[in-house]
Amino acid sequence: MSKWRIGRLFLLMQSLVAKDLKVRYKRSILGFAWFLLKPLFSMVVYYFVFTRILRFGGAIPHFSLFLLTGLLPWNFFSSSLSASTSSLLDNHRLIRSIYFPRMTLPAAEVTANLIHLLLALLVLEILLITFGHYPGLSIILILPALALLTIMTTGIALLLSIGNVFYRDVKQFIEVLLLAWFYASPIIYPLDSIGVDIIQSPRLVQILKFNPISGFMEIMHSIFYAGTWPPLWSWISLSSWSIVFLLAGIAVFRKAEPVVVKEL
Amino acid sequence: MKPGGILMKNVTLDYRLYHDRAVTLRDTMLNFFNRKTRIEHFRALNDVSFNIAPGSSVAVIGSNGAGKSTTLKILAGIYKPTSGTSESGGRIASLLDLGVGFHPDLTGEENLMLNGALLGLDRNEMKKLVPEIVEFAQLERFMDTPVKYYSSGMFMRLGFSLATSVDPDILLIDEVLAVGDVGFQDRCYERICDFQEKGRTIIFVSHDLEAVSRLCRRAIWLHEGSIKMDGSVEDVLSGYIENVQKKHIAEAATPTEWGTREIWFDSVILRNTDGTPSGTFRRGEKIVVDTLIKSRLPSTVDNVVFGFSIHRIDGETVIGTNNLEMNQPLLSFRGSVASRIEIDLSIAEPGTYLLGLALTDPEANKDYHWQEFFYPVTLLEKRKDTPLKLSEAVWIQE
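Conventions used here
Residues numbered from 1 in each chain as written. Chains lettered and ligands numbered in written order. Predicted model: local features only at pLDDT ≥ 70, side-chain atom pairs only at ≥ 80, totals over all residues. Heavy atoms only, no water. Phe/Tyr/Trp six-rings, centres within 6.5 Å; stacked < 30°, edge-to-face > 60°. Helix = DSSP H or I, 4+ residues; strand = E, 2+ residues; numbered from the N terminus. Lys NZ or Arg CZ within 6 Å of the ring centre and 35° of its normal. Salt bridge = Lys/Arg side-chain N within 4 Å of Asp/Glu carboxyl O. Buried < 20%, exposed > 50% of the residue type's maximum accessible area, 1.4 Å probe, protein only. Contact = heavy atoms within 4.5 Å. Pairing = 2+ DSSP bridges. Axes fitted to C-alpha atoms, helices over the stretch in contact; angles between N-to-C directions. Patch = residues over 30% accessible without salt bridge, like charges linked within 9 Å, V, L, I, M, F, W, Y side chains within 5 Å. Areas by Shrake-Rupley, 256 points an atom, 1.4 Å probe, with all protein chains shown as cover. Lys, Arg positive; Asp, Glu negative; His and termini not counted. Charge placed at Lys NZ, Arg CZ, Asp CG, Glu CD. Buried area = accessible area lost by both parts, 1.4 Å probe. Polar contact = N/O pair within 3.5 Å; in protein donor to acceptor, adjacent residues only side chain to side chain. Nonpolar A, V, L, I, M, F, W, Y, C, P; charged D, E, K, R; others polar. Parallel < 35°, antiparallel > 145°, perpendicular 65-115°, else oblique. Left-handed = near helix turned anticlockwise from the far one by under 90°.

Another aspect to go through is the packing of aromatic side chains. Evaluation of the coordinates by the stated rule reveals 21 aromatic pairs over all chains. Measuring from centroid to centroid gives 6.4 Å for Trp34(A) and Phe41(A), while their planes differ by 55°, and the two rings are tilted. Taken together, a centroid distance of 5.1 Å and an interplanar angle of 25° make the contact between Tyr46(A) and Phe182(A) stacked. Separated by 136 residues along the polypeptide, Tyr46(A) in helix H2 (residues 34-53) and Phe182(A) in helix H8 (residues 169-183) bring together distant segments of the chain. One aromatic cluster is present, formed by Tyr46(A), Phe50(A), Trp74(A), Phe77(A), Trp181(A), Phe182(A) and Tyr183(A) through successive ring pairs. The ring of Phe184(B) carries Arg157(B) above its face, with NZ or CZ at 5.9 Å from the centroid. The positively charged end of Arg187(B) is found above the aromatic ring belonging to Phe136(B), 4.7 Å away from the centroid.

Here it is in structure tokens:
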């Protein structure tokens, strides 16, 4: 068995991500723009629902920009998880014909989506500045925050990809779970005093802070939308969840890998 | 471990075997509550040990399901042994399934770079190899075409060239040499011979015993997951072939004869359509069974059923019928009678079969004379046109 040094591992990841990006937008006119267009469309939909029908969005200034700030990372999170869930099954012939570190398959899906997110965030920042939401110094914190988000997402992706080999239900279940998870996350509402007004339950707001993605959303809103320093709880939440999911993901993947290869 | 060396020590590998596999969560829950979890283990390899010196070419032979491919997968690092250890030195290239890492939407060149990364090569190494791979696969004109537009032969050729281009210390080959046209196959063999000359280790799994004896000097015979024989290719192959044949003979049907013999087959001659006695029949020819049947019963016997059967040499019944079943006249005679069956077969699978004959009276519940597995008949394809035809020949004396 050939030994996989870190440099070669990096090259493999790079190649898999490049393949993913190339393949995804073959024969598509708008191509790469879809990663921005999808959250933009959902932003428009949510904007009308929550300002014209449910009417709580009015309490938040520039509600559409607030929405977009949360929708972009959510789109990264949900796309990464849906794509990586079937990543081992989709590549079963490859896995059974040559040896390579298989963790790279779900990890590459997450990384490909991360590249989309980075570009989308650039566009978001331009939009925000246009509408007078100037970034503060806190903008530099986006890098560690993204790193932690990627670590957390990869950890969950590893767990899901393994789970789906044993039970195909995982793929169906994750879709429903993501739908519920979306509404349980501070994307269409904030977790501050306005959020308490909307939800009308301070206790529920406190509980929602334990949502693994809440910390990152809070950091996003602080850095991009409000231009302030993110609160401490968001960092504690994000980093603890990241470590938990990454360690669990790697441990489960390592343990299950020899069995999974034969099950595929 | 020296590059090219392989050491397998007491390797055992179990697969989980599912009878009624619970693939959904609901099934698992139901099975769990019913205490009916039916997971069984199938031992694909059982305590397999061998040591291969760098530079040798070793064949792994055995019937289907003997564990040959599993052995290669363990050597390639794809499967981890359930117990025991497998060690190898140097870079391994496996020809287990060609072109698996290729993505249909990527071009030939893009796919080569991606696969290089999967094989663990760095970009510069790969860039240097690409021209050579392309040349060997003879696909220079198609490198910027997505591989989904390749013919299956082109696809396989690219896969083979790629897998063998990395100059491995150990090359694992699993029955993939039937690649492309005859010309390309020859070059594949040439390339494998080059590897041998360069002192690389080759592990070759194949059912093609001729190729095995040509390429390898040592052979390992796996039987139901264990090593049955390990030695020089001549010894192992002759042992293997003998064993396969012995099984055939043991299972083969031996001629048997029984009955009351009140009525019996006095003589039986098989003839072909033009009447010459023969045991070989070509497609489209009738088998004519000429019999003389005698009776020692004092009175005329009526309603004698005359049947025949055709078995494969392993004893499996192919055809069994009689004049009663086919609505043909039954025999009615006293003393002796000449009776003939003309059998017209459509031959799907040429080969040797065994013809049997029977005289019975089912109404009286009597078996007069049975001859089972008695007359071998060889059924052949239609003869091709003779390669030469004489137009004219002239003898002249001057």
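For the rest of this paragraph, the subject is the pattern of salt bridges. Per the stated rule, a full pass over the model turns up 14 salt bridges over all chains. A salt bridge links Lys22(A) to Glu110(B); the nearest nitrogen and oxygen atoms lie 3.5 Å apart. Taken together, the residues span two chains, with Lys22(A) in helix H1 (residues 6-24) and Glu110(B) in helix H3 (residues 108-118). A relative accessible area of 36% means that Lys22(A) is categorised as partly exposed. Glu110(B) sits in the partly exposed class, given a relative accessible area of 23%. When the shortest N-O distance is used, the salt bridge between Arg91(B) and Glu125(B) registers 4.0 Å.

Residues and elements named next belong to chain A. Structurally, the position occupied by Ser161 is in helix H7 (residues 142-166). Given the relative accessible area of 0%, Ser161 is considered buried. In this view, Ser161 contacts Ser84, Thr85, Ser87, Leu88, Pro106 and Phe253; residues no more than four positions away in its chain are not counted.

A few words on the sheet that holds strand S13 (residues 286-295) of chain B. Residue and element names in this part refer to chain B. Here 3 strands make up an open sheet; going across it, the order is S11-S13-S17 and the pairing antiparallel. With one partner strand each, in any of the chains shown, strand S11 (263-271) and strand S17 (336-344) form the two edges of the open sheet. Across this sheet, the average inter-strand angle for adjacent strands is 20°, counted without regard to direction. As paired elements, S13 and S17 share 9 bridges and run antiparallel to each other. In the sheet register, Lys294 faces S17, and the bridge partner there is Ser336.

A contiguous patch of negative charge, built from Asp186(B), Glu190(B), Asp194(B) and Glu197(B), is present on the exposed surface. Note that Glu190(B) resides in helix H6 (residues 182-197).

Our next topic: the interface of chain B and chain A. Each side of the interface is counted separately: chain B has 40 residues, and chain A has 32 residues. The contact between chain B and chain A buries some 3200 Å² in all, and 56% of this surface belongs to carbon and sulfur atoms. Our count for the contact surface shared by chain B and chain A stands at 1 salt bridge. Linking chain B with chain A are 5 residue pairs in polar contact (both at pLDDT 80 or more). Those elements giving two or more residues to the side of chain B that touches chain A turn out to be strand S1 (6-18), helix H1 (25-34), strand S5 (92-95) and H3 of chain B. Broken down by element, the side of chain B that touches chain A gets its largest block of residues, 5 residues, from S1(B). Class assignment of the residues belonging to the side of chain B that touches chain A gives a composition of 20 nonpolar, 9 polar and 11 charged.

It is worth spelling out the packing of H3(B) against helix H4 (residues 123-137) of chain B at this point. All names here are of chain B. One way to put it is that H3 packs onto H4 with a least axis distance of 10 Å and a crossing angle of 135°. As the angle between them shows, H3 and H4 are arranged oblique. As for the relative orientation of H3 and H4, their crossing is right-handed in sense. Contact residues: Glu109, Leu112, Met113 and Gly116 in H3; Arg123, Met126, Lys127, Val130, Ile133 and Val134 in H4. Taken together, the residues of the contact of H3 with H4 break down into 6 nonpolar, 1 polar and 3 charged.

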